[in-house]
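# Chain and residue survey
The primary structure of each chain is shown beneath.
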Amino acid sequence: MNASRVPPPGELVATTLLEYLQHDNRPTFITDLADANNINKDLAFSFCNKAFSSCRTYVALTTIHAAKESDNLLNAFHSWIVQRGDELYDDRHFQDVSWSATTLQKRWRIISGTPIVASSLNACSIDHHISDSASLYNYRKATKETLPLVPMAPSPYQRLVDEFDWGSSTLGPIVSWPKALKEIAKSVICNSKPVGVFWGPERIVIYNAPYAELIPSFHPQQFGRSMKTDFPYWDTYELVCQEVETTMKTVSYAAQPGPLMERNGSLHETYFSYDYIPLFDDGGKVQGIYYQVTEVTGEVLSRSRMTSLLRLSSVASRATDQKTLWKNVLHVLEDGKEDTPMISIHTVGEQMASISSQVHGDQAATTGEWLCQGSVGWPESNLATSNVLNLTSARGYAPFVQKSLESLEPVVLRSSDGGQVAALLEGCQYKGVACTSLVICPLQLSSGIAVGSLGIVLNPVRPYDDDYKHFVRVMARQIEDALKLAVFLEAQEELLKQTILQAQVEQHSLSRQLERSIQKARESDLRFFNFAKQAPVGHLTLLF
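Attention in this report is confined to the structure presented alongside it. Quick caveat, the model's predicted, so the values are computed rather than measured.

Right, let's get into the overall build of the protein chain. Across its full length, the protein chain holds 18 helices and 18 strands. Among the 544 residues that make up the protein chain, the fraction classed as buried is 42%. Put simply, of all contacts in the protein chain between residues at least 6 apart along the chain, 57% involve residues at least 24 apart. When the accessible surface of the protein chain is split by element, carbon and sulfur atoms take 53% of a total near 30600 Å².

The structure is reproduced here in structure tokens:
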């Protein structure tokens, strides 16, 4: 049979190219090279079929111009679309798709795409419920299989994952990964909670963006690395992994101390709850460990502070004198040193009794010498622990106490202030971290007179946030209320002693008076007896 070329029938000529392209299941679009706007601005499509309208490349090309400027691959693809040349046919790989271009009449650029990576996830489709900005990808060569295997919004984490060189790791290129690892990687990256996976005996770690936010001190350098060799605190976690492998069961830990994390420019202590879940291979052997993490630092700190406040309230309220009060307070605060690593207490001392009797007076007893009622945790010979504090001094700890007494509010001092504050905090450390802040709280009696101060060096690895400030204020108020009670009880005890003494004096006086009265009565009886004894006495009898 011979084939020959004959003029097309009229019905075929009437069937337009656009009708054909509309029914093509390949993403296809046409742009006009004569339109100058297509060169420097977002493309104006003269035509696009349904397949292209649902393609993520369509979203990328129609996004705002500013967003495209930061994507070199997208800009290169745009330039290729609108390029002018003598070549009738041309092709380009972009977004896991092989794009072919045909130029007609040196004006109409017809471009169609064919997915070339079978393992890519819906290379030519998008979820229409995802906004344009959330559908943008960090575009990469179609021949390189990368994570994520799911759509992600552009972010530093997404770029890290997308550009990571898995070939240099013990896991090898993604194309060589077992299906189970690919699936668990998808699960990790898609999860909205902080999760990750340790894979293989080297504990290669893959974690998601929410988890990365929890570990700013170790991200991104830890991603895709061996936890055994590259994580400085791994020994404890390795024991947990070994327990999972041995028992083949989920292992959970609640409110465990985590490593110090750098947040907002300073180190912060952390607490986490963990679930370590075994991942099995076809032979039933644990080949990886899926872990999910919940940070509970706030809950742990709140619980610890509440415990300290309850203990302080209990022991302080039972104190009937100042000596017992300060002993109990120092004991409780020393036990709760996580929030009060160093403390010192100063009061007016012997003047307390006379000051407490005043109904009204100056705001503070700011003259004379105050006595240190006790201190805990300070370096030896620190000025904040001096046995005698001269409030008229302009050096050392005294001027800062004076400042808190004048304002009747807690005063926060920081080593960054320099001068005497830096000298006070020199050598102060908590678990090897230098202490940088000190709070001085005034202690007042019911009359409003400030008669004491509570100095607290703050924990350097706990942020002095609203919760910490509230804890310090409540603690100072509890101590202040206990001091008021102790001073009142001491005053009442002294009054009772004076009353008893006065009663004893009056009783003694009455006893002396009674004794003198009895003595006088005895003397009177004796005189009468002697008189009667010496007087002549006769007996007369009359008879009738």
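Picking up after the structure, the text goes on.
Turning to the sheet that holds strand β6 (residues 195-199), a few remarks are in order. The pairing of strands in a sheet comes from backbone hydrogen bonds and takes either a parallel or an antiparallel form. Across the sheet, five strands lie side by side as β7-β6-β10-β9-β8; this open sheet has antiparallel pairing. Each edge of the open sheet is held by one strand with a lone partner, namely β7 (204-207) and β8 (251-263). Ignoring strand direction, the axes of neighbouring strands in this sheet form an average angle of 30°. Docked against the sheet, helix α9 (residues 179-190) engages β6, β7, β9 (266-280) and β10 (286-295), running at close to 155° with respect to β6.

For the rest of this paragraph, the subject is the packing of helix α13 (residues 297-317) against helix α14 (residues 322-335). Between α13 and α14, whose axes approach to 9 Å, the crossing angle comes to 165°. The orientation of α13 with respect to α14, classified from their angle, is roughly antiparallel. With respect to the hand of their crossing, α13 and α14 are arranged in right-handed fashion. Packed against α13, whose contacting residues are Ser-308, Arg-311, Leu-312, Val-315 and Ala-316, the element α14 presents Leu-325, Asn-328, Val-329, His-331, Val-332 and Asp-335 at the interface. Its residues placed into classes, the contact of α13 with α14 shows six nonpolar, three polar and two charged.

With 61 residues, the main nonpolar core has Leu-325, Leu-438, Leu-454, Val-472, Met-475 and Ile-479 as its most contacted residues. With 10 residues, helix α18 (residues 466-534) is the single largest residue contributor to this core. Sequence-distant contacts of Leu-454, that is, excluding residues within four places in its chain, are made with Ser-344, Ile-345, Val-439, Ile-440, Cys-441, Leu-443, Met-475, Ala-476 and Ile-479. By size, the runner-up hydrophobic cluster in this structure holds 44 residues, among which are Phe-218, Val-286, Ile-289 and Tyr-291.

Applying the stated rule across the entire model yields 11 salt bridges. For the salt bridge of Glu-245 with Arg-203, the shortest nitrogen-to-oxygen distance reads 2.8 Å. Remark: Arg-203 occurs in the loop between β6 and β7 and Glu-245 occurs in helix α12 (residues 234-247); sequence separation between them is 42 residues. Here Asp-339 ties to Arg-462 by a salt bridge, and the two come within 2.9 Å at their closest N and O atoms. One end of the pair, Asp-339, is in the loop between α14 and β11 (342-347); the other, Arg-462, is in the loop between β18 (450-457) and α18, with 123 residues separating them in the sequence. Accessibility classification places Asp-339 together with Arg-462 in one group, the buried group. Linked by salt bridges that have partners in common, Glu-269, Arg-305, Asp-339 and Arg-462 make up one network.

Calculation rules
Residues numbered from 1 in each chain as written. Predicted model: local features only at pLDDT ≥ 70, side-chain atom pairs only at ≥ 80, totals over all residues. Heavy atoms only, no water. Helix = DSSP H or I, 4+ residues; strand = E, 2+ residues; numbered from the N terminus. Buried < 20%, exposed > 50% of the residue type's maximum accessible area, 1.4 Å probe, protein only. Contact = heavy atoms within 4.5 Å. Areas by Shrake-Rupley, 256 points an atom, 1.4 Å probe, with all protein chains shown as cover. Pairing = 2+ DSSP bridges. Axes fitted to C-alpha atoms, helices over the stretch in contact; angles between N-to-C directions. Parallel < 35°, antiparallel > 145°, perpendicular 65-115°, else oblique. Left-handed = near helix turned anticlockwise from the far one by under 90°. Nonpolar A, V, L, I, M, F, W, Y, C, P; charged D, E, K, R; others polar. Core = buried A, V, L, I, M, F, W, Y, C linked by side-chain atoms within 4.5 Å. Salt bridge = Lys/Arg side-chain N within 4 Å of Asp/Glu carboxyl O.

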